[in-house]
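# Structural overview for review
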Amino acid sequence: ASDASGAPTASASDLLQNGIDAQALNTKFASISPSDPCNDGDTACITGQAAKCSGGTWQLTLCKNPTFLSCFALPLLSGVGTQLKCTTKTTAEDTINNSGAQGGIFGDGS
């Protein structure tokens, strides 16, 4: 499927799965500490910061405006999968809710 601009869009079932996957990632990320071991190349959102594993340790990067923005896993709206993005909590909740997934950022209503 594609929209009027010709960009591919996710099917409703793909979008829902993307939302559920994003919730699962956000839940997983909430339990990761910056000092936890990791596999090179892994990415995550840790303590609201974007994180990439290098040399077996997490390298954290603050979002551009950490007062208002935090790192979240969000569903892709085109195609299958998720993305990590610095955004507001409200935008993250709205994006996940718009995918059809229930329960907000973590899938538990919080």
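Before any of the text, the structure's been laid out above.
Computed from a prediction, not measured in an experiment: that's the story for all the values here.

Bridge analysis of strand β2 (residues 49–54) against strand β3 (residues 57–61) gives five bridges, and the strand direction is antiparallel. Residue Lys52 lies in a different strand from β3, and its bridge partner there is Gln59. Remark: two residues form the turn of the hairpin made by β2 and β3, two consecutive strands paired antiparallel; Gly55 in that turn has positive phi of roughly 65 degrees.

Another point: the state of the cysteines. One pass over the full model with this rule turns up three disulfides. Each sulfur in the disulfide pair Cys38 and Cys53 lies 2.1 Å from the other. Between Cys38 and Cys53, the S-S dihedral sits near 85 degrees, and the bridge is therefore right-handed. Residue Cys38 is located in the loop between α1 (12–30) and β1 (43–46), and its partner Cys53 is located in strand β2; the two are separated by 15 residues in the primary sequence. The exposure classification of Cys38 matches that of Cys53, with both residues buried. Note that Cys63 is cross-linked by a disulfide to Cys86, the S-S spacing being 2.1 Å. Here Cys63 and Cys86 share a disulfide; its torsion about the S-S bond, -75 degrees, makes the bridge left-handed. Here Cys63, found in the loop between β3 and β4 (70–75), pairs with Cys86, found in strand β5 (residues 82–87); they are 23 residues apart in sequence, far enough to count as distant. In this structure Cys63 comes out as buried when scored by relative accessible area, which is 4%.

Turning to helix α2 (residues 89–98), its buried residues are Ala92, Thr95 and Ile96. Within α2, the buried residues cover an arc of 95 degrees as seen down the axis, which keeps them to one side. Buried positions along α2 lie against α1, β4 and β5.

About the criteria used
Residues numbered from 1 in each chain as written. Predicted model: local features only at pLDDT ≥ 70, side-chain atom pairs only at ≥ 80, totals over all residues. Heavy atoms only, no water. Pairing = 2+ DSSP bridges. Helix = DSSP H or I, 4+ residues; strand = E, 2+ residues; numbered from the N terminus. Disulfide = S-S within 2.5 Å. Buried < 20%, exposed > 50% of the residue type's maximum accessible area, 1.4 Å probe, protein only. Arc of directions from axis to C-beta. Contact = heavy atoms within 4.5 Å.

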